[in-house]
Amino acid sequence: MINRYISIGCIAALFLLGACSKSFLEQSDPNAIPTAVYYKTEGDIALAVNGAYQSLRSGDCIGENSGLYTDERSDDAGRNDNQSNAGEPFQFNDFSLLPSNTYLKQHWLALYQTITRCNQVLSNIDNVTFGNPDTKASYAAEVKFIRALIYFHLVRLWGDVPLVTKQLTTLEEVNASTFREKKEKVYEQIVADLKDVAGSPLPNQQTGDNKGKVSKAAANALLGQVYLTMATMPDAGNRTENLSNANTCLTAAWNMRTFSQLKDIPYTDVFDVNKKTTCPELIFQIVNKQGDISYSSSIAANNQAKGENINSRKKTSGVGGNVTMDLVKEYEEGDPRKEFSIKFANDPTVKDWFITKYRDTSALAGDNGYGGNDWILIRYADVALMLAEVNMYLGNDAAAVSYLDMVRERVGMPLYNAVKDDPAYNSKFPTLKLAILHERRVELAFEHHRWFDLLRFFTIDELVAYMHAKNQADFGKAKLSNFGLKDLYYPIPFDEYKLNPEKMYQNPYYQ
């Protein structure tokens, strides 16, 4: 037996492929199916593609319950419980994260497990004969999108990360891949994958029963965000080119929309469980099945505080999805998104704000809270605000304001030029850049964008100053003073680092 850890989540692949390598008895594992045997038909590939989609659902990956790694890392949400089993989760919003944190490792492994599933499809799809070459190309495009999406999360959270683009079948291959690739190379792979998806036979939009599958609109939206992120990195070498590419891709995604004006889609429709298959604003989502014990959504019930029933019929005893007072104070007077997204719980054991953006009080969801909320990963308001951001950076303020106003007009808020000189607004958001960041915060609250927005809008020095300027009283037990230069990236999980301290080098300030 090899007494060591196997890195980057590849142990899952080795287990699946156990029959490919023989034991000292030269016997194969009767419970393992080698890929050479398994991938025989189009149906086998289809199941494997579905497996890649399925892995996204996990709260350890990027599913609806993964806010610990994003929103709780930001200034939007968190927890005031730093005792007992809550101690490790508290490290995220307390900015006291340790490399030994087991949640951190679970997130790392879950992300790489998804990449492993994608690589298995791409490494074996050529072994299968397809009746229609477009079907093969579409399957490949779907998993390339998922792989790019996950690497985009990894590179923004950790910086340099192992880059694996093929199925690993032996321990030797795993060892050879156990090193951190420079983030620029990771971004190159992300861009290459998404370009392939954008040029694939996939439809511009997915509809009906195909909601939740990858589309060209999703590929262009994500690729635009990737270029935008590359352009705003402190060491970006091709800023102007990346901004131009971001504008091109985001505009392509915007032009693929099937509605006329954003204002034609009520804000509440975006989160209505009865309209999730028909709402034209949704571009890419993780589909959940109402009433199903295995594939339902739990976000409505999980966010609900004790004594409340606005989200779900399920009775809860906790504080729900905690909202920072910093975010509560960010909403402008009269913004309907505040009333829809958050609520104050009056129960004596709570007396705090909680998240109400995701609701399912249907009879089918029932008292167990088996909701039907889909987890929205990309939607058109996000695209519009990224177009505002890109145009602002390119010096085209008029276009930037027009996209910003689309989002404000939809919810009945005053347009930017009418409010920018208002003392209450101007004192908080004195520049167009801060106005766009504000709009993203209140429009996309609790959709797991805020942490990445902060990293994109500020250099790390600017972000430290931004966080330290906030009121500590608005963050409870979490200490803003802990936030520092180290928080640009997560630490590499300790078990991964110790595999090879030289090639899996630790991020600064965590050594």
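Throughout, residues of each chain are indexed from 1 in the direction in which the sequence is written. In keeping with the predicted nature of the model, local features appear solely for residues at pLDDT of at least 70, side-chain atom pairs appear and are counted solely at 80 or more, and the whole-chain, interface and lining totals rest on all residues. Neither water nor hydrogens contribute to the side-chain values; these are computed over all heavy atoms in the structure.

Once that is clear, we can look at the nonpolar core. Definition used in this section: a nonpolar core is a set of buried Ala, Val, Leu, Ile, Met, Phe, Trp, Tyr and Cys residues joined via side-chain atoms within 4.5 Å. Only protein chains enter the accessibility calculation, which uses a 1.4 Å probe; a residue whose area is less than 20% of its type maximum is buried, one above 50% is exposed, and one in between is partly exposed. The biggest cluster of nonpolar side chains holds 143 residues, and the ones touching the most others in it are F145, W158, I190 and F284. Only DSSP runs of H or I reaching four residues or more are called helices, and only runs of E reaching two or more are called strands; each is numbered from the N terminus. Per-element accounting of this core gives the leading share, 15 residues, to helix α6 (residues 133-158). Only heavy atoms matter for contacts: two residues are in contact if any of them lie within 4.5 Å across the pair. Setting aside residues no more than four positions away along its own chain, I190 makes contact with A148, Y151, F152, V155 and V226.

It is worth spelling out the confidence of the model for the protein chain at this point. Regions with low pLDDT should not have their predicted coordinates read in detail. Within a predicted model, pLDDT stands for the predictor's per-residue confidence, ranging from 0 to 100. Overall, the prediction assigns the protein chain a mean pLDDT of 92, with 92% of residues at 70 or greater. Low pLDDT, under 50, characterises residues 1-32; the stretch is placed with 52 contacts to residues that sit more than four places away or in other chains.

Salt-bridge detection follows one rule: a side-chain nitrogen of Lys or Arg within 4 Å of a carboxyl oxygen of Asp or Glu. For the structure shown, the criterion picks out 39 salt bridges. Here K343 ties to E308 by a salt bridge, and the two come within 2.8 Å at their closest N and O atoms. Here K343, found in strand β2 (residues 342-345), pairs with E308, found in the loop between α11 (299-303) and α12 (325-328); they are 35 residues apart in sequence, far enough to count as distant. Look at the salt bridges and you will find they share partners, linking E281, E332, D335, R337, K357, R379, R408, R410, E439, E443 and E447 into a network.

Moving on, we get to the packing of α6 against helix α8 (residues 183-198). Viewed as axis vectors pointing N to C, α6 and α8 meet at an angle of 155°, and their least axial separation amounts to 8 Å. By the criterion of interaxial angle, the relationship of α6 to α8 is roughly antiparallel. Helix-helix and strand crossings are classified by hand; for α6 and α8 the assignment is left-handed. Together, A141, K144, F145, R147, A148, Y151, F152, V155 and R156 of α6 and K183, V186, Y187, Q189, I190, D193, L194, D196 and V197 of α8 make up the contact between the two elements. Each residue belonging to the contact of α6 with α8 can be placed in one class, and the counts come to 11 nonpolar, one polar and six charged. In this description, a line fitted to the C-alpha atoms serves as the axis of each element, helices being fitted only across the stretch in contact, and the angle between N-to-C directions of two axes falls anywhere from 0 to 180 degrees. Under this scheme an angle from 65 to 115 degrees is roughly perpendicular, one under 35 degrees roughly parallel, and one over 145 degrees roughly antiparallel; angles in between are oblique. Handedness of a helix crossing follows the sense of rotation of the near helix relative to the far helix, less than a right angle counterclockwise being left-handed and clockwise being right-handed. Residue polarity is assigned by list, with Asp, Glu, Lys and Arg as charged and Ala, Val, Leu, Ile, Met, Phe, Trp, Tyr, Cys and Pro as nonpolar; anything else, Gly included, falls into the polar class.

Below, the discussion takes up the side chain of Q225. Position of Q225 among the secondary structure elements: in helix α9 (residues 216-231). Residue Q225 is classed as buried on the basis of its relative accessible area of 9%. Residue contacts for Q225: discarding those within four places in its chain leaves F152, R156, L250, M386 and R456.

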